[in-house]
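# Architecture at a glance
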2 protein chains.
Amino acid sequence: MDATANPILAEIWRGPILESVHRGAAVVATANGAVIEAWGDPGRVILPRSACKMLQALPLVESGAADAAGLTNRHLALACASHSGDEIHSGLATQWLAEIGLAEPDLRCGVHPPASAAGRDALRRAGRRANQTHNNCSGKHCGFLTVARHLGGGPEYVDPSHPVQQAVRMALEELADETASGFAIDGCSAPNFALSLRGLARAMARFATPRASFTGVRAEAAERLHGAMAAHPELVSGEGRAGTELIRASRAVVKSGAEGVYVAALPGKELGIALKIDDGDSRGSQAAIAALLARHGALERDDPVFKTYADAPILNWRGIAHGHILAGEALRER
Amino acid sequence: MDATANPILAEIWRGPILESVHRGAAVVATANGAVIEAWGDPGRVILPRSACKMLQALPLVESGAADAAGLTNRHLALACASHSGDEIHSGLATQWLAEIGLAEPDLRCGVHPPASAAGRDALRRAGRRANQTHNNCSGKHCGFLTVARHLGGGPEYVDPSHPVQQAVRMALEELADETASGFAIDGCSAPNFALSLRGLARAMARFATPRASFTGVRAEAAERLHGAMAAHPELVSGEGRAGTELIRASRAVVKSGAEGVYVAALPGKELGIALKIDDGDSRGSQAAIAALLARHGALERDDPVFKTYADAPILNWRGIAHGHILAGEALRER
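Remember, it's a predicted structure, so these values are computed and weren't measured experimentally.

### Looking at the overall build of chain A
A tally of regular secondary structure across chain A gives 16 helices and 12 strands. Taking 334 residues into account, the globule formula puts the C-alpha radius of gyration at 20 Å, and chain A, at 19 Å, falls close to it. Each principal axis of the C-alpha atoms in chain A carries an extent, and together these give about 60 × 50 × 35 Å. Sequence separation of at least 24 residues holds for 63% of the intrachain contacts in chain A that already meet a minimum separation of 6. When the accessible area of chain A is evaluated, it comes to approximately 11,400 Å², of which 52% is carbon and sulfur surface. Separation between the mean location of the 34 positive side-chain charges and that of the 36 negative ones in chain A comes to 3 Å.

### What about the relation of the copies chain B and chain A?
With an RMSD of 0.0 Å, the operation that places chain B on chain A is a rotation of 180 degrees combined with a shift of 0.0 Å along the axis. Expressed as a symmetry operation, the mapping of one chain copy onto the other fits a two-fold axis. When C-alpha distances to the rotation axis are compared across chain B, the minimum falls at Ala5 of chain B, with a value of 3.1 Å. Interface overlap between copies is the fraction of interface residues in one copy that are interface residues in the other; for chain B against chain A it reaches 100%, indicating a shared surface.

### Section: unusual backbone geometry
All names here are of chain B. Notably, Arg49 is not glycine yet its phi reads approximately 50 degrees, a positive angle. In this structure, Arg49 sits in the loop between strand S4 (45-46) and helix H1 (53-56). One non-glycine residue, Asp177, lies in positive phi territory at about 55 degrees. When you line up the elements, Asp177 lands in the loop between helix H8 (163-176) and strand S5 (183-185). Asp177 gets classed as exposed once you look at its relative accessible area, which sits at 51%.

### Here we look at the side chain of Ser82 of chain B
Residue and element names in this part refer to chain B. Tracing the backbone shows Ser82 in the loop between helix H4 (73-79) and helix H5 (87-99). With a relative accessible area of 10%, Ser82 lands in the buried category. A polar side-chain atom of Ser82 sits 3.3 Å from a polar atom in the side chain of Ser50. In this structure the side chain of Ser82 is engaged in a polar contact, spanning 2.9 Å, whose partner is the side chain of Lys53.

### Re the pattern of salt bridges
All names here are of chain B. On inspection of all chains with the given rule, the structure shows 40 salt bridges over all chains. Glu11 is the salt-bridge partner of Arg332, the closest N and O atoms lying 3.5 Å from each other. Taken together, the positions of Arg332 in helix H16 (residues 329-332) and Glu11 in strand S1 (residues 8-14) put the pair 321 residues apart, joining distant regions of the chain.

### Let's talk about the interface of chain B and chain A
The partner chain A presents 47 residues to the 47 residues of chain B that form the contact. Counting each side, the surface lost to burial between chain B and chain A is near 3,700 Å², with a carbon and sulfur contribution of 52%. A per-residue breakdown of the area chain B buries against chain A is headed by Glu19, Trp317 and Arg318 of chain B, which together make up 18% of the total. Across the salt bridge formed by Arg283 of chain A and Glu259 of chain B, the nearest N and O atoms sit 2.7 Å from each other. Linking chain B with chain A are 24 residue pairs in polar contact (both at pLDDT 80 or more). At the level of elements, S1, strand S2 (17-30) and S5 of chain B are the ones that each hand at least two residues to the side of chain B that touches chain A. Ranked by residues supplied to the side of chain B that touches chain A, first place goes to S2 of chain B with seven residues.

### Topic: the confidence of the model for chain A
Chain-level statistics for chain A give a pLDDT mean of 96 and a share of 99% at 70 or above. Interface confidence in the predicted complex, given as ipTM, is 0.96; pTM for the same model is 0.96.

### Quick look at the packing of helix H7 (residues 138-151) of chain A against helix H8 (residues 163-176) of chain A
All names here are of chain A. Taken N-terminus to C-terminus, the directions of H7 and H8 make an angle of 110 degrees; their axes are 9 Å apart at the nearest point. When the interaxial angle is binned, H7 and H8 end up roughly perpendicular. The crossing of H7 and H8 is right-handed. Here H7 contributes Phe144, Val147, Ala148 and Leu151 to the contact with H8, which in turn contributes Pro163, Val164, Gln165 and Val168. Across the contact of H7 with H8, the residue classes break down as seven nonpolar, one polar and no charged.

### Observations concerning the packing of aromatic side chains
All names here are of chain B. Applying the stated rule across the entire model yields four aromatic pairs over all chains. Ring geometry for Phe144 versus Tyr157: centroids 6.0 Å apart, planes at 50 degrees, classification tilted. Within this pair, whereas Phe144 is found in helix H7 (residues 138-151), its partner Tyr157 is found in the loop between H7 and H8, the two being separated by 13 residues in sequence. Here Phe144 matches Tyr157 in class, with each residue buried.

### What about the side chain of Glu259 of chain B?
Structurally, Glu259 of chain B is set in the loop between strand S8 (253-257) and strand S9 (261-266). Taking relative accessible area as the criterion, Glu259 of chain B reaches 15% and is therefore assigned buried. Reaching out from Glu259 of chain B, the side chain makes a polar contact with the side chain of Arg283 of chain A at a distance of 2.7 Å. Sequence-distant contacts of Glu259 of chain B, that is, excluding residues within four places in its chain, are made with Ile12, Glu19, Ser20 and Arg283 of chain A together with Arg49, Lys276, Ile277, Asp279 and Gly280 of chain B.

### So, the state of the cysteines
A disulfide bridge is the covalent bond that connects two cysteines by way of their sulfur atoms. Residues and elements named next belong to chain A. Counted under the stated rule, the structure contains zero disulfides over all chains. With no disulfide of its own, Cys52 lies closest to Cys188 among cysteine sulfurs, the gap being 9.6 Å. Note on Cys137: no disulfide assigned, nearest cysteine sulfur contributed by Cys188 at a separation of 3.9 Å.

### Remarks on the environment of Asn316 of chain A
With respect to the helices and strands, the residue Asn316 of chain A is situated in the loop between strand S11 (311-315) and strand S12 (321-327). Expressed as a C-alpha distance, the spacing of Asn316 of chain A and Ala122 of chain A, which sit 194 residues apart in the sequence, is 28 Å.

### A look at the pairing of S2 of chain B
All names here are of chain B. Among the 14 residues in S2, 13 count as buried, and that is most of the element. One ladder, built from six bridges, connects S1 with S2; its direction is antiparallel. Bridge assignment links Ala10 to a residue of S2, and that residue is His22. If you look at the hairpin formed by S1 and S2, you'll find two residues sitting between the two strands, and Gly15 has a positive phi there, around 55 degrees. One ladder, built from seven bridges, connects S2 with strand S10 (residues 271-277); its direction is antiparallel. Its bridge partner being in S10, Thr30 is matched across the sheet by Leu271. One ladder, built from four bridges, connects S2 with strand S3 (residues 35-39); its direction is antiparallel.

Reading the values: rules and limits
Residues numbered from 1 in each chain as written. Chains lettered and ligands numbered in written order. Predicted model: local features only at pLDDT ≥ 70, side-chain atom pairs only at ≥ 80, totals over all residues. Heavy atoms only, no water. Helix = DSSP H or I, 4+ residues; strand = E, 2+ residues; numbered from the N terminus. Rg over C-alpha atoms; globule rule 2.2 N^0.38 Å. Contact = heavy atoms within 4.5 Å. Areas by Shrake-Rupley, 256 points an atom, 1.4 Å probe, with all protein chains shown as cover. Lys, Arg positive; Asp, Glu negative; His and termini not counted. Charge placed at Lys NZ, Arg CZ, Asp CG, Glu CD. Least-squares fit on C-alpha atoms with pLDDT ≥ 70 in both. Buried < 20%, exposed > 50% of the residue type's maximum accessible area, 1.4 Å probe, protein only. Polar contact = N/O pair within 3.5 Å; in protein donor to acceptor, adjacent residues only side chain to side chain. Salt bridge = Lys/Arg side-chain N within 4 Å of Asp/Glu carboxyl O. Buried area = accessible area lost by both parts, 1.4 Å probe. pLDDT = per-residue confidence, 0-100. Axes fitted to C-alpha atoms, helices over the stretch in contact; angles between N-to-C directions. Parallel < 35°, antiparallel > 145°, perpendicular 65-115°, else oblique. Left-handed = near helix turned anticlockwise from the far one by under 90°. Nonpolar A, V, L, I, M, F, W, Y, C, P; charged D, E, K, R; others polar. Phe/Tyr/Trp six-rings, centres within 6.5 Å; stacked < 30°, edge-to-face > 60°. Disulfide = S-S within 2.5 Å. Pairing = 2+ DSSP bridges.

Okay, here's the thing in structure tokens:
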């Protein structure tokens, strides 16, 4: 990675000085795999992390497990979420588990405190401790459990050889039209299959155009998951967070992943976007995805949400702006 | 900055995949300005941010203000600190202000919650709100106020034209042996003067060797500040934090700055180190400074503190290690 450094996708200014930069690679592709634009190497292999949750959820719908369990669009949105751990998220996860005859200990995602201050405060006021339903990935894991209940394979559904994960891998590879370059274990203990940025962008373009890209249950599954995320952005991330605000403000479904990953599905333009900030910082990935959405007509540059992530003052502790975050020049032109 | 990318100074692995990298520039220099080793451009101009606090504190001692106010080594360590906002820090700042006949509203650093969870919990339990003494820079600002009281110039001591800031600029330029390349306003509202990495590393080498590098009040001031930081690492940062642990574990005085800056003064080796991670991430700067301290014999590679920052597992939410942070290959060899 050292020999060919990726371009600067976000700039952090302080006064007159360019203080920090976020380099990265990004690809805009069509559903048939044509690369429309790229920064850095489109063949670069990354771990998509949570940015592939809507692809990991495909077996949930395609297998018939979602219908057998009577899941609604709210369940499906939560399956694709990296959520704040607010009551609307952890409560729905708890309810979902009960609906399929399971409970919190059946999850394998581990415990972390709610990502939002509101979620942490609510727990504190209630005198409760965080549990696995507050894990930002709990919806994905409820989905995995629902598939496991339908397909069988035992309780250790995060094992890479479990039928659930084999089905996930197949769906990812088919949508990306490539063989996964191995995998690593994600923060939530599930395997995360490595894909090229081009493959991930292509998968998102197909996800954005399910009826044109697929037939049968896959077309239906992609359409339902895409619709669920678009209809319930508050479940996909949380109030006040980029993952929710960008869906609301744009004509796209977007999803973040750890370590500076973002993807977007642009139905109107029939395009998919995938990007990875080299250093993994979300301030860089948020600036870059907002700029790419604007560049492809899915977000207005005078929208407050665009400004918040791609053209925003950095305030000091007395509320005075002495810094600025700006999408990289390579993304601003055009 | 785009044309010549800096080398990778820290690597973030997940399973078999190099997931993220932190690029940066670093310089190891002697007190006479000779560059012993460099990664990236030693002439690169950066904002040192809080990594220059010991230099910003020189006028406090040199002017006689510290002695006039009866300051101890604990006060001087706090003047050089980016502290956690624990009671030992905010309490000392409050006491210091009272000793010079001032109070919290005289500070101009602004309010932020204590950086440490323990500090925030203590405030919550006491039913108190954070004030400016909890700002990580409150000690530096107590120092500025002490100098202002001694030199005059009015209450707005963070104005770049105030005598305090003029004295700070002069001290920085003299130690770095260069003219500051302008300034920007720091998060705490004080001006932060831009220096080259080489200049900053040279300043740190001189700070490490005060009796050899200076005469008179400057030699005494640098020696006292250096001694104060070495004697009170718990005041310079806080329990469990890199800034404190690295001083305790190493034969060096180290100091972090925002946006991925670190400096170190190595008295035994008569060297100074300055580094800046391009993307501003502290996990990168901590790995790099630990590796550089080890490389120059000031920290053992089998020390748990070295391991914590430069060769550490990344655990998932179930406590299983699936990732690893490692100082960059360019720093590991030798």
